[in-house]
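Topology and contacts: notes
Chain by chain, the residues:
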Amino acid sequence: MILVVTYSIGARQTLRNVCSAHEETIARRLGRAVLFEETELGAFLALRLREKHGCDVQVERTRPFNEFSLVPESVREAAQAYEARSTPSTSYAKFQSGTEHPHPRDLHGQELTE
Amino acid sequence: MTAQREPHGGQPGSRVATAPDAEQSSRLTVTIDGTTLRGVAVDLRSWSIDAEDAAAAIRGRTGTCTVACPHPGSLFDAVGVVEPSLNVSLRRVLAAVARRRGYRADVVDELRSVSAELATLSPPDCDRSEQRRQVAAAGTDEAKLAERVATIRGELQARRDAGVDVSATEKRLSDAVAALTDARTERLSAEQALDRAREDSRPPRDRRDRRLRLQDRKRNLERAIRRELADAVYNEFTAAVWRVPGESDPGRSVVEYEGDGVTAALAVLRMLRTATPAVLAVDRFDGPERAAHELGVPILRV
């Protein structure tokens with residue numbers, strides 16, 4: 001999908017106007033951001049916004065997130081285990097120490113690859 | 001929150017003179033085609049001067065009609081020309097009246113600091129289209145060259161299979177492979193440049209984020225200030241509404257006001273009692289002089 005984020009009052013207002021005129025192209029509205037369907041119309045709307053508001057409009061392209069193809073098992077298991085912890089106030093760093101779950105520092109530096 | 005009056009009252013530097021008392025308006029002098037008319041009210045209906053001309057004359061434009069009067073302030077734009085279709089942004093106007101009265105809203109200091117920070121925030125440019133274009137162009141070049149390499153490889157194989165001379169084809173292939181290697185290097189370096197540019201875009205985007213939050217805060221503060229200031233003079237406005245002709249019910253606050261813009265404008269004029277004249281294009285009074293006396297403002301009737 002095409003993610004459009006606005007950074008000014010004017011750009012946010014234009015985005016609102018665009019959204020009300022093109023509901024069929026909008027996958028999701030998120031306040032001052034919106035996800036357009038990945039169609040030529042979605043791209044046209046995003047580019048039109050950027051043309052009008054320049055750097056006050058950020059355009060990115062999103063991809064589907066499949067944790068089973070993208071995320072190592074150790075990370076998926078760590079997330080599951082952490083959410084099942086007995087004391088909610090425990091931080092992940094503390095929870096992880098002494099276990100086989102990955103250290104937050106390692107998670108931080110490790111980019112996801114397909 | 002309650003708007004407070006400044007110790008000495010009145011807005012510093014205000015150029016609007018105030019008539020000495022409610023029932024007595026200042027006199028004005030109007031000159032039309034060399035004829036001079038004087039009085040608390042001047043009836044222009046027998047002259048071909050419309051509301052727009054009269055307002056322009058009050059603003060100081062010299063033409064057929066000139067008016068000697070103090071320079072109009074910002075409120076003249078809002079309520080100085082009373083026409084039947086007049087729309088009054090009541091909260092805004094009453095806030096301006098309160099400011100002129102010397103009221104000051106609680107959050108003014110916060111507004112000042114927000115505005116000051118906003119003035120320092122000018123986010124740098126973050127246009128990365130040139131880098132994106134280079135990545136796309138390098139990608140296209142690479143793909144074309146890869147296709148060329150594959151084609152020549154095919155040719156080479158065919159020539160080998162046919163048992164003919166391959167030296168020229170080999171040379172072409174090695175040239176194409178070298179070009180492909182260069183193109184790949186170029187594409188990678190373009191991609192790296194774009195990645196770096198994307199990273200560099202973060203701080204400017206953070207600044208834009210901050211700016212938007214401050215702009216929203218500023219708008220909210222301005223709205224709160226207008227509400228607070230309008231509330232501060234609402235009782236006085238209510239009293240004025242009851243004294244001017246019209247069918248309006250002021251209620252207890254701006255949002256409760258039920259009535260037309262003309263009545264609201266007349267009430268505000270009565271509150272202001274300026275020496276600057278108002279242009280009257282409605283039939284609410286028993287003659288222009290009566291209007292001038294009831295409003296405490298010199299009147300140009302059109």
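Right above here is the structure, for reference.
Presented here is an overview of the structure given in this document. In this text, all values refer to a predicted model and were calculated from it rather than measured experimentally.

1. Some thoughts on the packing of aromatic side chains
Residue and element names in this part refer to chain A. Under the defined criterion, the tally for this structure stands at 5 aromatic pairs over all chains. A centroid spacing of 5.3 Å and a plane angle of 85° characterise the contact between Tyr82 and Tyr92, whose relative ring orientation is edge-to-face. Of this pair, Tyr82 sits in helix α4 (residues 73-83) while Tyr92 sits in helix α5 (residues 92-96), and the two are 10 residues apart along the sequence. Residue classification places Tyr82 among the buried positions, given a relative accessible area of 18%. Take Tyr92: its relative accessible area is 15%, and that puts it in the buried class. Put simply, the rings of Tyr82, Tyr92 and Phe95 touch in pairs and so form one group of aromatic residues. The ring of Tyr7 carries Arg32 above its face, with NZ or CZ at 5.3 Å from the centroid. Above the ring of Tyr82, the side-chain terminus of Arg85 is found at 3.9 Å from the ring centroid.

2. Examining a positive patch on the surface
Together, Arg16 and Arg29 of chain A together with Arg219, Arg223 and Arg227 of chain B give the surface a local cluster of positive charge. Counting residues per element, the positive patch draws most heavily on helix α7 (residues 202-232) of chain B, at 3 residues.

Calculation notes
- Residues numbered from 1 in each chain as written.
- Chains lettered and ligands numbered in written order.
- Predicted model: local features only at pLDDT ≥ 70, side-chain atom pairs only at ≥ 80, totals over all residues.
- Heavy atoms only, no water.
- Phe/Tyr/Trp six-rings, centres within 6.5 Å; stacked < 30°, edge-to-face > 60°.
- Helix = DSSP H or I, 4+ residues; strand = E, 2+ residues; numbered from the N terminus.
- Buried < 20%, exposed > 50% of the residue type's maximum accessible area, 1.4 Å probe, protein only.
- Lys NZ or Arg CZ within 6 Å of the ring centre and 35° of its normal.
- Patch = residues over 30% accessible without salt bridge, like charges linked within 9 Å, V, L, I, M, F, W, Y side chains within 5 Å.
- Areas by Shrake-Rupley, 256 points an atom, 1.4 Å probe, with all protein chains shown as cover.
- Salt bridge = Lys/Arg side-chain N within 4 Å of Asp/Glu carboxyl O.
- Lys, Arg positive; Asp, Glu negative; His and termini not counted.
- Charge placed at Lys NZ, Arg CZ, Asp CG, Glu CD.

These values are about where atoms sit, not about what they do.
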